[in-house]
Amino acid sequence: MNQGALALNILKFLAPAVPMTVAVTVLSFTLALILGLAVGLSQISGYRPMVLLAKGYVDVLRGVPLLVQIFFIYFGLGGLLNLERFAAGVLAIGICYSAYLAEIIRSGIESIARGQHEAAASLGMSNTQALRFVILPQATRVIIPPAANEFIACLKDSSLVSIIGLRELTRAGREYYSQYFVDFQTWLLVGVVYLCMTLLLTKLTRHLEHRFAVRGFGMGVRR
Amino acid sequence: MDHDGPALRARGISKRFGNLVVVDGLDLDVAVSEVVVMLGPSGSGKSTLLRCFNGLERLDAGIIEVGGVRLDPTCDTIHAVRAKVGMVFQQFNLFPHLSALDNVALAPRTVLKLPKEQAINQARERLERVGLGAKLDSFPAELSGGQQQRVAIARALAMDPQVMLFDEPTSALDPEMIGEVLAVMRDLAQSGMTMIVVSHEIGFAREVAHRVIFLDEGKILESGPPNQVLSAPRHPRAKEFFDKVL
Ligand SMILES: Nc1ncnc2c1ncn2[C@@H]1O[C@H](COP(=O)(O)OP(=O)(O)OP(=O)(O)O)[C@@H](O)[C@H]1O
Ligand SMILES: [Mg+2]
């Protein structure tokens, strides 16, 4: 087989696994966003038990390797809760990433000047209204770039679920290798496919940053 | 206003930060349509007092009433009462992610639940009134300091407040922009708005204020017509302060 045909052959083998990588990434990151927002808001709720709980959540999850968390949820909890691989994988990555996102969201919100809260309050807005109409729209601008980094990291870390037998991109690479014993080209192409996806994501997040840019404010978008 | 008493009444109010007593058992009545200018040394508690008047600070003692309704930061009705007290800040505190029009329309839409169109129309009128009819779609970062402060005044007025509080509204402004903001405030005073203004603009105090108050260490040491307080203060600390400022 010449190199071109080999590459095509490998890519054909890898392609069916791409949707799984995308599904694990998108679902777990969505879960991470929802949990992260809840935990991030809890951290600044000012209600002590909630603050402590949220801080504990973040500290524990950031302090344990993701791989160990995947093992724990799939083998440890999975047996008890009857979780299948896919659910366990998404849950593990989602929960782990929610800790990082909680920190990003918390610091994003805290970066908005106190005067903004006060202006909103002095107009009679409730805390929820202030958060929704004044604080979060501004915090989003601050949150998007680091959250986008996490999204890309999440895509790459989705390869870890190959270990519990989910047939995503990395797993497909291993299968190809164990059938045909071509290592250099296989892993090179697996890497290239990941790279294409992360580059696509980078483009997407640039677009998002632009959309949330404020006129006359950093980023230089003026209509 | 649908009651006969003062627009704002404070009785025995105190505010501490830790051991520091910032407002010290203070009484104040401000009549409807009265304009009060408050002066005092840095750290004398002027900002804190204003923040007490709209419930941004929780009192340690005393009561505050706005239009006869008790202002109680621990109570659910605080937002409704607070909406009746407009506040203008030294640093403007406009919402940077919203246009001038949306800055003014936001609270009427969310707090008063006005329909969008009505809120926008009303916001346009308010901005025209402060001379910014041509800047409706500008964002705060595209406006000068004086323009931003006028948007902030329009934003507070959009809630139809019974009392307006101003915390050094011109001290973050370049000198050439102070006049335009004071002019808006003068118009507002002439239209009968009840105003409490912390400002060291003595000309404004002399011309517009009905009463000048000198605050020191959380107490009112001097209170009276501008001419009397500014020209012939009785209290030595007030004398000392005005000798420096005037
Ligand atoms: N949130 C706070 N926590 C602790 N101390 C505070 C707080 N806010 C104000 N203070 C203190 O209370 C005192 C009065 O502050 P305040 O801002 O009311 O003074 P001011 O008269 O407005 O002064 P300035 O003319 O400098 O604006 C100061 O000593 C200040 O350090
Ligand atoms: Mg002050």
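Conventions and cut-offs
Residue indices begin from 1 for each chain and proceed along its sequence in written order. Whichever chain is written first is A, and whichever ligand is written first is 1; the rest continue in order. Selection of residues for local features in this predicted model requires a pLDDT of at least 70, selection of side-chain atom pairs for listing and counting requires 80 or more, and totals for whole chains, interfaces and linings are taken over all residues. Working from all heavy atoms in the structure, the side-chain values ignore hydrogens and water. If even one non-hydrogen atom of a residue comes within 4 Å of a molecule or strand, that residue is called near it. N or O atoms closer than or at 3.5 Å make up a polar contact, with two conditions inside protein: a donor-capable atom paired with an acceptor-capable one, and, for residues adjacent in sequence, both atoms drawn from side chains. The protein chains shown are the only cover counted for residues, whose accessible areas, like all others here, come from Shrake-Rupley with a 1.4 Å probe. Segments assigned H or I by DSSP are reported as helices when at least four residues long, segments assigned E as strands when at least two residues long, and all are numbered from the N terminus. Each residue is assigned to one of three groups, with Ala, Val, Leu, Ile, Met, Phe, Trp, Tyr, Cys and Pro labelled nonpolar, Asp, Glu, Lys and Arg labelled charged, and all others, Gly among them, labelled polar. Note: two strands are recorded as paired if DSSP finds a minimum of 2 bridges between them. Every residue pair with non-hydrogen atoms within 4.5 Å of one another is taken to be in contact. With axes taken as lines fitted to C-alpha atoms, and helix axes fitted only over the stretch in contact, angles between N-to-C directions fall between 0 and 180 degrees. When a carboxyl oxygen of Asp or Glu is within 4 Å of a side-chain nitrogen of Lys or Arg, the pair counts as a salt bridge. The cut-offs for exposure are 20% and 50% of the maximum accessible area for each residue type, with area from a 1.4 Å probe on protein chains only; residues under the lower value are buried, those over the upper are exposed, and the others partly exposed. The predictor's confidence in any single residue is recorded as pLDDT, a number from 0 to 100. Sulfur atoms of two cysteines make up a disulfide when they are within 2.5 Å. Buried surface area refers to the total accessible area, computed with a probe of radius 1.4 Å, that the two partners give up upon joining, counted for both partners together. Residues form patches when they are more than 30% accessible in relative terms and have no salt bridge. Like charges link within 9 Å. Nonpolar side chains (Val, Leu, Ile, Met, Phe, Trp, Tyr) link within 5 Å.

(A) Just the site of ligand 1, in detail. All names here are of chain B. Close to ligand 1 lie F17, L20, V22, P41, S42, G43, S44, G45, K46, S47, T48 and E168. Taking S42, its side chain carries an N or O atom lying 2.6 Å from an oxygen atom of ligand 1. Between T48 and ligand 1, the recorded distance is 2.5 Å, taken from a side-chain N or O atom to an oxygen atom. Look at ligand 1: alone it shows 630 Å² of surface, and the protein chains cover 59% of it. Breaking the shell around ligand 1 down by element, the ones donating at least two residues are β2 (20-30) and α1 (46-53). When its residues are assigned to classes, the shell around ligand 1 shows four nonpolar, six polar and two charged.

(B) Quick look at the sheet that holds strand β5 (residues 69-70) of chain B. All names here are of chain B. One open sheet accounts for four strands, arranged β2-β1-β4-β5; its pairing is antiparallel. Both outer strands of the open sheet, β2 and β5, are each paired with one neighbouring strand and no more. With two bridges connecting them, strand β4 (residues 61-66) and β5 associate as antiparallel partners. The partner of E65 across the bridge, within β5, is R70. Packed onto the sheet, α1 meets β1 (8-17), β2 and β4 and runs at close to 125 degrees relative to β1.

(C) Quick look at the sheet that holds strand β7 (residues 163-167) of chain B. All names here are of chain B. Across the sheet, which stays open at both edges, the six strands sit in the order β6-β7-β8-β3-β9-β10 with mixed pairing between neighbours. With one partner strand each, in any of the chains shown, β6 (85-88) and β10 (219-224) form the two edges of the open sheet. Averaged over neighbouring strand pairs, the angle between their axes works out to 20 degrees when direction is ignored. Sheet topology places β6 next to β7; four bridges connect them, and they run parallel. Looking at β7, one finds that M87 is bridged to L165. Packed onto the sheet, helix α5 (residues 145-157) meets β6 and β7 and runs at close to 170 degrees relative to β6. Along the sheet face, helix α9 (residues 236-245) touches β3 (35-39), β9 (211-216) and β10 and points at about 105 degrees away from the line of β9.

(D) Broad picture of the pattern of salt bridges. One pass over the structure, following the stated rule, counts 17 salt bridges over all chains. A:R167 is the partner of A:E175 in a salt bridge, and the nearest nitrogen-oxygen pair spans 2.6 Å. Assessed through its relative accessible area of 25%, A:E175 is described here as partly exposed. The partner of B:K219 in a salt bridge is B:D24, with the nearest N and O atoms 2.8 Å apart. Note that B:K219 is positioned in strand β10 and B:D24 in strand β2, a separation of 195 residues in sequence. Taken together, the shared-partner salt bridges in this structure form one network comprising A:R114, A:E118, B:K15, B:R51 and B:E57.

(E) Structural context of α1(B). Residues and elements named next belong to chain B. Counted residue by residue, α1 has seven buried out of eight residues, so it is predominantly covered. Every buried residue belonging to α1 is among K46, T48, L49, L50, R51, C52 and F53, and all of these are buried. A positive phi of about 75 degrees marks G55, the residue just after α1.

(F) The confidence of the model for chain B, seen in detail. Overall, the prediction assigns chain B a mean pLDDT of 93, with 99% of residues at 70 or greater. Mean pLDDT across the secondary structure elements of chain B bottoms out at helix α2 (residues 78-82) of chain B, with 81, and peaks at strand β8 (residues 194-198) of chain B, with 98.

(G) Region of interest: the state of the cysteines. Residue and element names in this part refer to chain A. Taken as a whole and judged by the stated rule, the model has zero disulfides over all chains. C96 supplies the cysteine sulfur nearest to C154, a cysteine that is in no disulfide, at a spacing of 8.9 Å. Residue classification places C154 among the buried residues on the basis of a relative accessible area of 0%. Free cysteine: C196, not disulfide-bonded; nearest cysteine sulfur from C154 at 19 Å. Of the residues examined, C196 reaches a relative accessible area of 48% and is grouped as partly exposed.

(H) Quick peek at the interface of chain A and chain B. Taken together, the contact between chain A and chain B spans 24 residues of the former and 27 residues of the latter. Overall, the association of chain A and chain B removes approximately 2,100 Å² of surface from exposure, summing both partners, and the carbon and sulfur fraction of that is 62%. A salt bridge links A:E118 to B:R51; its shortest N-O distance comes to 2.8 Å. Between the two partners, chain A and chain B, sit six residue pairs in polar contact (both at pLDDT 80 or more). Taken together, the elements giving at least two residues each to the side of chain A that touches chain B come down to α6 (114-122) and α7 (127-157) of chain A. Ranked by residues supplied to the side of chain A that touches chain B, first place goes to α6(A) with eight residues. A breakdown of the residues in the side of chain A that touches chain B according to their chemical character gives ten nonpolar, nine polar and five charged.

(I) View of a nonpolar patch on the surface. On the surface, a nonpolar cluster with roughly 220 Å² of combined accessible area is contributed by A:V60, A:V64 and A:V68. With respect to the secondary-structure elements, A:V60 resides in helix α3 (residues 48-62).

(J) Focus on unusual backbone geometry. All names here are of chain B. With a phi close to 40 degrees, E168 is a non-glycine residue in the positive phi region. As for its placement among the helices and strands, E168 is situated in the loop between β7 and α6 (175-190). The backbone of E217 shows a phi angle near 50 degrees, a positive value even though the residue is not glycine. Considering the arrangement of structural elements, one finds E217 in the loop between β9 and β10.

(K) Geometry of the confidence of the model for chain A. Looking at chain A as a whole, its pLDDT mean stands at 92, while 95% of the residues score no less than 70. Across chain A, helix α2 (residues 18-43) of chain A holds the top mean pLDDT of 97, while helix α4 (residues 66-81) of chain A sits lowest at 92.

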